[in-house]
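Descriptive analysis of the structure
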Amino acid sequence: MTQAFAIAGAPEDMVERDARPAGLGPVLTVFFAFACGALAANLYYAQPLVALIGADTGLSVAAESAIVTVAQIGYAIGLVLIVPLGDVVENRRLILVTMAANLVALAGLALAPGLSALFAAMLFVGVSSTAAQMLVPLAANLAPPDERGAVVGNVMSGLLAGILLARPAASFLADYVGWRGVFGLSGALVAVLMVAGLVLLPQRRPEGRRGYGALIASLGKLFVHQKVLRRRGLYHAAMFGAFSLFWTAAPIILLREPYGFSPSGVALFALAGVLGVFAAPVAGRLADRGYTRIGTIAAIATVVIAFVAALFGETSLVALVAAGILIDLGVQANLVFGQREIYQLDASIRNRLNAVYMTTFFLGGALGSALTSPVLETFGWTGICVIGIAMPGAALLYYLAADRDEGAGATA
C-alpha cells in the first residue's frame, strides 16, 4: 500500500493498454467467487448472534444491533480508504495484504475480553473485509466487455452466497463452538484462502498515477459528477437498508415468543435467504442483454412486496420465510444491475467506482442495522415492516422519476 504514497504529483490516470482481456477461466472464477463470499460473510455472522454476544458481554438489548452497525461502518471506511488503491497499486499484493489484516482482526474478535475490544475488533474486521471489493473489479477488468455482466454476476453469486450462508452457518455453529468460535473458524478459512491466493491470483499493475490524497479526494467528485454512479448508489442504499433491517430484526423475533427458536432453528430459517444467490447470475445475463431498466423496477418492487408480506410475520412463519426469500432475491438482483451499469463508465477507475457505489449503499445498510433494535423495542415488528416498505418504496419512486427525466430507455 505504501506505493500509493510515493506517486504524489504523478500524471492523471491513463486507460490500460489491454483492449480485449482474456477472461478468468473456471478455476479462477471459482476462487474469486469463494474468496468474495468468505470475506463478505464476516459482516453477517453477527446478525443472528447479537443476542448471544450481548448476553455474554453485558451489552443492553436496545444496543445489540450496534454490533452489526460497527462492522458495516468499518466496511464503509475500508471502501473509502483502501479499495481505491486498486486503481494505483498492484492488485494481487493489495488483496493479499488486506486479507492478512482480516485474519488478524478476526483473531482479535474471537479473543476480545470486553466491549471496547469487541467493537474495535469488529470495526477492523469490517475494514479489512473489503478485500472482497478489490476482487470484484479485478474480475471485471479481466473479463471481455461483452461478458462482463455474466462474469460479475458469477463472482457476485459467490459473494452473495457468503452473505446469505453466513447467517445460518453462524446460528448453527454457535450451538457447538459459541459465537467466538464462529469468528475463529472464519479466520481459519481466510488463512486457507490467502495461501490459495498466493498461487492463483494474477498480477495486475494499473497505469493510474495519483497520490493517495488526490486518489481519495476524487471519490467525492465521482459521486457528484457521475450521475449513474450516484443514482445507483442511492437506489441500493435504500434497498440494503431494508435488507439489514429485516435480517437483523428477524432472528430477534424468532428467538422470542411465540416462536422461541433455538440458534439452530434460526439457522434453518436463514437458509430461506440463500435462494437469493440465484438472482445474481440471472441479473448479470439480463443486464448484458439490455434488460436493466425493467429488471431494476422488478427488483425494487419485489422488496416492497416482501415487506408487505412480512407484516404478517410476527405470527406466521410462512409469511416471514416468504419475505426473507423475496427480500434477498430483489436486493441481490438490484446490486448486480447496479454494478453492471457502473463498470461501463470508465475502465481505468473501476476500483474507485466500486468504492463509491459500495460505500453509499453500505451506509444505508448501517442505518438499517442501527435502527433495528430501537425501532423493534419501541414500535415492534410493525414498525420494522413500515420502515422496510418505505425504504425501497422511496428508491422506486426515485428511479421512476430519474428515468422520466432521462427519457424512455434510460438505464440510470
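As the structure is a prediction and not an experimental result, all values here were calculated from the model. (Residues numbered from 1 in each chain as written. Predicted model: local features only at pLDDT ≥ 70, side-chain atom pairs only at ≥ 80, totals over all residues. Heavy atoms only, no water.)

Let us now look at a nonpolar patch on the surface. A contiguous nonpolar surface patch, about 380 Å² in accessible area, is contributed by V27, L198, V199 and L200. Here the nonpolar patch gets 3 residues from one element, more than from any other, and that element is helix 7 (residues 148-200). Within the secondary structure, V199 sits in helix 7. Looking at V199, the relative accessible area reads 68%, which means it is exposed. (Patch = residues over 30% accessible without salt bridge, like charges linked within 9 Å, V, L, I, M, F, W, Y side chains within 5 Å. Areas by Shrake-Rupley, 256 points an atom, 1.4 Å probe, with all protein chains shown as cover. Salt bridge = Lys/Arg side-chain N within 4 Å of Asp/Glu carboxyl O. Helix = DSSP H or I, 4+ residues; strand = E, 2+ residues; numbered from the N terminus. Buried < 20%, exposed > 50% of the residue type's maximum accessible area, 1.4 Å probe, protein only.)

Within the element layout of this structure, T69 appears in helix 3 (residues 66-81). Sequence-wise, T69 and L363 are 294 residues apart; in three dimensions their C-alpha atoms are separated by 9.2 Å. In this view, T69 contacts A366, S369 and A370; residues no more than four positions away in its chain are not counted. (Contact = heavy atoms within 4.5 Å.)

Another point: the environment of L159. Mapped onto the secondary structure, L159 falls in helix 7. On the basis of relative accessible area, L159 is assigned to the buried category, the value being 3%. Through-space distance from the C-alpha of L159 to that of L39 is 7.9 Å; in sequence the pair is 120 residues apart. With residues up to four places along the chain from it excluded, the contact list for L159 reads A33, C36, G37, A40, A132, Q133 and V136.

So, on to the packing of helix 4 (residues 91-110) against helix 5 (residues 115-128). At a minimum axis distance of 8 Å, the contact between helix 4 and helix 5 shows a crossing angle of 160°. In terms of axis orientation, helix 4 runs roughly antiparallel to helix 5. Helix 4 and helix 5 meet at a crossing whose hand is left-handed. On the side of helix 4, the interface is formed by T98, A101, N102, A105, L106, G108 and L109, while helix 5 contributes L118, A121, M122, F124, V125 and S128. Taken together, the residues of the contact of helix 4 with helix 5 break down into 9 nonpolar, 4 polar and no charged. (Axes fitted to C-alpha atoms, helices over the stretch in contact; angles between N-to-C directions. Parallel < 35°, antiparallel > 145°, perpendicular 65-115°, else oblique. Left-handed = near helix turned anticlockwise from the far one by under 90°. Nonpolar A, V, L, I, M, F, W, Y, C, P; charged D, E, K, R; others polar.)

On to the confidence of the model for the chain, then. Averaged over the chain, the pLDDT score is 84; the fraction of residues at 70 or greater is 92%. Of the regions scoring below 50 in pLDDT, residues 1-20 engages in 44 contacts with residues more than four places distant in sequence or in other chains. (pLDDT = per-residue confidence, 0-100.)

This part is about the packing of aromatic side chains. Inspection of every chain in the model, using the stated rule, returns 19 aromatic pairs. With a centroid separation of 6.3 Å and an interplanar angle of 85°, the aromatic rings of F31 and F32 are classed as edge-to-face. Each member of the pair, F31 as well as F32, carries the same accessibility label: buried. Geometrically, the ring pair formed by F246 and W247 is edge-to-face, given 5.1 Å between the ring centres and 85° between the ring planes. There is no split in this pair, since F246 and W247 are both buried. Each residue in the set Y44, Y75, F240, F243, Y357, F361 and F362 is aromatic and connected to the rest through ring pairs, giving one cluster. (Phe/Tyr/Trp six-rings, centres within 6.5 Å; stacked < 30°, edge-to-face > 60°.)

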